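These are the residues of each chain, in order.
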Amino acid sequence: MSNIVAIVGRPNVGKSTLFNRLTESRNAIVEEMSGVTRDRIYGKGEWIGYEYSVIDTGGYVKGSDDVFESEIRKQVEIAIEEASVIVFVVDVTTGATDLDDKVAKLLRSSNKKIFTAANKVDNTARVGLSSEFWSFGLGDVYDIAAASGSGTGELLDDIVKEFKTKTIESESDLPRFAIVGKPNVGKSSLANALIGEDRNIVTPISGTTRDAVNTRYSAYGFDFLLIDTAGIRKRAKVNEDIEYYSVLRSVRTIESSDVCIFMIDATEGIQKQDLHIYYMCEKNHKGIVVLVNKWDLIEKDTMTTKEYEEKIRAQLAPFNDVPILFTSAITKQRIHKALEVAMKVYNNRVKKIQTSVLNTVMQEEIDRFPPPSLKGKYVNIKYITQLPTHAPAFAFYSNLPQYIPDSYKRFLENKIRHHFDFEGVPVRIFVRKK
């Protein structure tokens with residue numbers, strides 16, 4: 001893949017701010033403290049007709065014993081390997097540091113085209129302070145202010161000259177599968193197991209993932225975007241701005257996804273916060289696949305799986321027509337089966353039923369069990385059609401729609417599910433005046 005720009009540098013020099021500027025988004029969390037970004041985050045940008053991908057990385061720290069910093073270091077090195085062009089961000093307010101020297105040494109050995117961006121040149125007094133960064137021997141130094149965009153145009157003018165093509169392959173039409181759940185249920189472990197590499201940082205510490213991390217999965221006949229999200233905790237327990245924005249991005253990811261792979265911890269079962277996340281997926285009319293992760297930690301007998309599944313369905317009622325799989329991201333038990341099921345749910349979500357077939361099948365059911373009469377008035381349903389919405393929705397046209405009770409609407413929904421298989425997808429029923 002060409003036209004990939006990796007943004008690297010030590011902590012707190014403004015890499016995520018520059019990422020947001022180049023992608024014209026706010027996808028990367030920005031905070032005045034080091035270590036906010038952890039995983040590699042991908043975005044897309046466009047400049048004078050050239051399309052490119054941007055990778056934001058965590059701050060590079062060498063020789064640290066901190067569990068996050070050692071993992072971030074691996075992510076930075078992978079990003080450098082993936083990129084066709086590297087933007088090395090430094091801070092003019094602090095000048096060249098020993099850590100900058102270590103990053104520069106790493107970049108010199110990469111044999112990639114390097115652009116040194118001296119950030120935070122946001123007033124005339126700071127112009128010229130970047131001259132000391134020429135000592136790194138990485139070529140031209142560009143004065144920029146990522147927060148305001150000053151100087152980024154000149155930087156991009158030279159970056160796009162290195163690209164061999166003007167466009168990159170579009171991913172906008174691909175199915176979007178979001179892995180969602182509470183913190184520490186194994187979302188990043190599942191993503192890494194599916195991709196076959198340590199794409200996302202995994203630690204036993206709750207809240208490790210902060211940004212929604214997109215990865216294209218194209219193997220074994222599948223082609224979709226897999227999105228690892230930050231764990232969603234109760235509002236009362238969210239006490240940092242960083243975690244607030246992480247949760248906000250997870251909620252937005254649910255809203256923009258097609259299928260939510262909803263993970264729960266087998267050792268804990270479904271708790272109140274799990275149900276809150278599940279209902280959020282249902283409310284947004286997303287396809288849902290339930291994964292009971294860490295199944296390898298459960299002592300089992302012949303009835304364990306069946307009893308556990310029945311308990312889950314009782315807790316998920318009334319919408320419990322969802323596939324439930326028992327997996328282990330560590331042992332990779334049934335994780336590829338989860339992809340097959342997620343794709344089936346996606347196909348159910350985009351399925352369109354021919355109006356003639358829909359009317360033939362459903363009119364038979366309605367004739368067999370017509371709507372109840374009310375106050376001596378007979379309710380007739382004369383016509384049914386599927387609405388042109390993103391998620392399945394059906395309109396039933398009746399002479400007296402106000403007299404059709406909710407219980408009968410549920411009957412209609414169940415019959416549609418029975419005949420046309422909408423497993424894993426919320427189905428909406430509307431009754432309209434004919």
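The rules behind the values
Residues numbered from 1 in each chain as written. Predicted model: local features only at pLDDT ≥ 70, side-chain atom pairs only at ≥ 80, totals over all residues. Heavy atoms only, no water. Phe/Tyr/Trp six-rings, centres within 6.5 Å; stacked < 30°, edge-to-face > 60°. Helix = DSSP H or I, 4+ residues; strand = E, 2+ residues; numbered from the N terminus. Buried < 20%, exposed > 50% of the residue type's maximum accessible area, 1.4 Å probe, protein only. Lys NZ or Arg CZ within 6 Å of the ring centre and 35° of its normal. Contact = heavy atoms within 4.5 Å. Pairing = 2+ DSSP bridges. Axes fitted to C-alpha atoms, helices over the stretch in contact; angles between N-to-C directions. Parallel < 35°, antiparallel > 145°, perpendicular 65-115°, else oblique. Left-handed = near helix turned anticlockwise from the far one by under 90°. Nonpolar A, V, L, I, M, F, W, Y, C, P; charged D, E, K, R; others polar. Expected span 1.5 Å × (residues − 1). Salt bridge = Lys/Arg side-chain N within 4 Å of Asp/Glu carboxyl O. Core = buried A, V, L, I, M, F, W, Y, C linked by side-chain atoms within 4.5 Å.

S.K.: Summarise the packing of aromatic side chains; cite the residues concerned and give the values.
M.R.: Enumeration over the complete set of coordinates arrives at 20 aromatic pairs. On the basis of an interplanar angle of 40° and a centroid distance of 5.9 Å, the ring pair of Y383 and Y397 is categorised as tilted. With a gap of 14 residues between them, Y383 in strand β13 (residues 381-386) and Y397 in strand β14 (residues 393-398) connect regions that are remote in the sequence. With a relative accessible area of 33%, Y383 lands in the partly exposed category. Across from the ring centre of F115, 5.4 Å away, lies the NZ or CZ of K113, which sits over that ring. R432 extends its terminal NZ or CZ atom over the ring of F430, reaching a point 6.0 Å from the ring centre.

S.K.: Which residues make up the environment of D223, and what values do they have?
M.R.: Position of D223 among the secondary structure elements: in strand β9 (residues 222-228). Residues D223 and P175 lie 48 residues apart in sequence; the distance between their C-alpha atoms is 7.7 Å. Residue contacts for D223: discarding those within four places in its chain leaves L174, P175, R216, Y217 and S218.

S.K.: Mind laying out the sheet that holds β14, listing which residues take part and the relevant values?
M.R.: Taken together, the three strands give an open sheet; going across it, the order is β13-β14-β15, and neighbouring strands pair in mixed fashion. Lying at the two open borders of the sheet, with one neighbouring strand each, are β13 and β15 (428-433). On average, each strand axis in the sheet is tilted by 25° relative to the strand beside it, whichever way the strands run. This element, helix α10 (residues 355-368), spans β13 and β14 of the sheet and lies at about 140° to β13.

S.K.: Help me get a handle on the packing of α10 against helix α11 (residues 406-420), residues and values and all.
M.R.: Across the interface, α10 lies against α11 with an axial gap of 11 Å and an inter-helix angle of 130°. Here α11 runs oblique to α10, going by the angle between their axes. Like other packed secondary-structure pairs, α10 and α11 cross with a definite hand, here right-handed. Across the interface between the two elements, V357, L358, V361, M362, E365 and I366 from α10 touch Y408, F411, L412, K415, I416, H419 and F420 from α11. For the contact of α10 with α11, the class distribution of residues is ten nonpolar, one polar and two charged.

S.K.: Any chance you could break down the sheet that holds strand β6 (residues 141-143) for me, citing the residues and the numbers?
M.R.: Across the sheet, six strands lie side by side as β2-β3-β1-β4-β5-β6; this open sheet has mixed pairing. The outermost strands of the open sheet, each flanked by one partner alone, are β2 (41-47) and β6. Neighbour to neighbour, the strand axes of the sheet diverge by 30° on average, direction disregarded. Pairing of strand β5 (residues 113-119) with β6, which is carried by three bridges, proceeds in the parallel orientation. Residue pairing for β6: T116 is matched across the bridge by V141.

S.K.: Can you tell me about α10, naming the residues and giving the values?
M.R.: Helix length check: α10, at 14 residues, gives a terminal C-alpha distance of 20 Å against a target of 20 Å (1.5 Å per residue), a fit within 8%. The set of residues buried in α10 consists of L358, N359, V361, M362, Q363, E365 and I366. Along its buried surface, α10 packs onto β13, β14 and α11.

S.K.: Help me get a handle on the pattern of salt bridges, residues and values and all.
M.R.: By the definition in use, this model includes 16 salt bridges. The salt bridge involving R10 is made with D100; its shortest N-O contact spans 3.2 Å. One end of the pair, R10, is in the loop between β1 (4-8) and α1 (15-23); the other, D100, is in helix α3 (residues 98-108), and 90 residues separate them in sequence. Neither residue differs from the other here; R10 and D100 are each classed as buried. Notably, a salt bridge pairs E365 with K415, separated by 3.9 Å at the nearest N-O pair. Note that E365 is positioned in helix α10 and K415 in helix α11, a separation of 50 residues in sequence. Take E365: its relative accessible area is 7%, and that puts it in the buried class. Within the structure, one salt-bridge network assembled from shared partners comprises K182, E268 and D274.

S.K.: Tell me what's going on with unusual backbone geometry, and back it up with residues and numbers.
M.R.: Trans peptide bonds make up most of the peptide bonds, and negative phi angles are found at most residues other than glycine. In this structure, P318 follows A317 across a cis peptide bond, with omega equal to 10°. Tracing the backbone shows P318 in the loop between α8 (304-316) and β12 (324-326). The phi dihedral of K332 falls on the positive side, at around 65°, and the residue is not glycine. Structurally, K332 is set in the loop between β12 and α9 (335-349).

S.K.: For the nonpolar core, give the residues involved together with the corresponding values.
M.R.: Note on soluble globular proteins: their nonpolar side chains tend to be buried together. One finds F177, L190, F224, L226 and L291 to be the most contacted residues of the largest nonpolar core, which totals 27 residues. Listed by contribution, the elements that provide at least two residues to this core are β7 (176-181), α5 (187-195), β9, β10 (259-265), β11 (287-293) and α9. With eight residues, α9 is the largest single contributor of residues to this core. Counting 26 residues, the second largest nonpolar core, distinct from the first, contains C260, I288, I298 and F319.

These results come straight from atomic positions and should not be treated as a statement about function.
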